[in-house]
Amino acid sequence: MTRAAVPGLPSRYPIGELLPALYADDDLAQRFTAGLDTVLAPVLSTLDNLPAYVDPALAPADFLPWLASWVGVEADPAWPVELRRAVVAHAVELHRWRGTRRGLVERLRLVCGVHAEVRDGGGATWSAEPGAALPPPPTGELLVRVWPVRAGDGAGAVDAVDAHRVLEVATASCPVHLTCRVEVLPGPPEETGD
């Protein structure tokens, strides 16, 4: 990431105008300070706009990886800029729910544009009846069922679900002792009868 000189960018604080009156009419002094203004204008512009540089919604695209490093997320450079901005903006919230069903559902909604239902098969089972038969052992599988976002859901409609991408995101969030499986549904489970 570099900030270079911007051709024609005027300085908000021209040095030549700040010189004593003795140098106001001196051509050499004015040309010299104009050169300094050309070099300093991008620096002063950056400092004047510093709040925009640390706001994911406004920061230049080449600043996003730097902002992502501040909040501990990896935004894939292949993702569209708006998705990278959203991931950086929601990073703290995603970290708060990391390792939970809610966290995985939110990450899938944000990164893949899908709704999700997570069924965890790695938990403990028990029986309320003393002496009852033992419940079946946990499956050891994290089942992630996803379906596309529809136009009326408050987000852009998704034509197709990228199952490979969903599996990558789910696997990255899946506990080590569980395997991960993804099912793509045409709609919410209650509508499809699943």
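Parameters and conventions
Residues numbered from 1 in each chain as written. Predicted model: local features only at pLDDT ≥ 70, side-chain atom pairs only at ≥ 80, totals over all residues. Heavy atoms only, no water. 1 Å grid on protein atoms, 1.4 Å probe; cavity = no way out; pocket = protein on both sides within 12 Å on 5 of 7 lines; lining within 4 Å. Points joined across faces, edges and corners; volume = space filled by probe spheres on them. Helix = DSSP H or I, 4+ residues; strand = E, 2+ residues; numbered from the N terminus. Nonpolar A, V, L, I, M, F, W, Y, C, P; charged D, E, K, R; others polar. Salt bridge = Lys/Arg side-chain N within 4 Å of Asp/Glu carboxyl O. Buried < 20%, exposed > 50% of the residue type's maximum accessible area, 1.4 Å probe, protein only.

Asks: Pulling in residues and values, what's your account of empty space enclosed by the protein?
Replies: Enumeration over the complete set of coordinates arrives at one cavity of 30 Å³ or more. As a volume, the largest cavity reaches approximately 50 Å³. As for the largest cavity, its lining consists of Leu94, Trp97, Arg98, Gly99, Gly103, Leu104, Arg107 and Ser173. In terms of residue count, helix H8 (residues 101-112) provides more of the lining of the largest cavity than any other element does, three residues in total. By residue class, the composition of the lining of the largest cavity is three nonpolar, three polar and two charged.

Asks: Hey, could you go over the pattern of salt bridges for me, with residue numbers and the actual values?
Replies: Counting across every chain of the model gives 11 salt bridges. Across the pair arginine 109 and glutamate 106 runs a salt bridge whose closest N-O atoms are separated by 3.0 Å. Taken together, the residues span about one helical turn, with arginine 109 and glutamate 106 both in helix H8 at a distance of three residues. Here arginine 109 falls in the partly exposed class, since its relative accessible area comes to 38%. For glutamate 106, a relative accessible area of 29% gives the class partly exposed. For the salt bridge of arginine 145 with glutamate 183, the shortest nitrogen-to-oxygen distance reads 3.2 Å. Of this pair, arginine 145 sits in strand E2 (residues 141-148) while glutamate 183 sits in strand E3 (residues 179-184), and the two are 38 residues apart along the sequence. The exposure class of glutamate 183 is partly exposed, given its relative accessible area of 24%. In this structure, a network of salt bridges that share partners links the residues Glu117, Arg119, Glu141, Arg145, Arg181 and Glu183.

Asks: Any details on the layout of surface pockets? Residues and values, ideally.
Replies: Its boundaries defined by the atoms lining it, the largest pocket holds a volume of some 520 Å³. Considering the residues around the largest pocket, the lining is formed by 16 residues, among which Glu74, Trp79, Arg107, Ala172 and Ser173 are closest to the centre. Of all elements in the fold, only H8 and helix H9 (163-173) reach the threshold of two or more residues within the lining of the largest pocket. The biggest single contributor to the lining of the largest pocket is H9, with five residues. The residue inventory of the lining of the largest pocket, partitioned by class, reads six nonpolar, four polar and six charged.

Without other data, these values stay purely geometric and don't point to any function.
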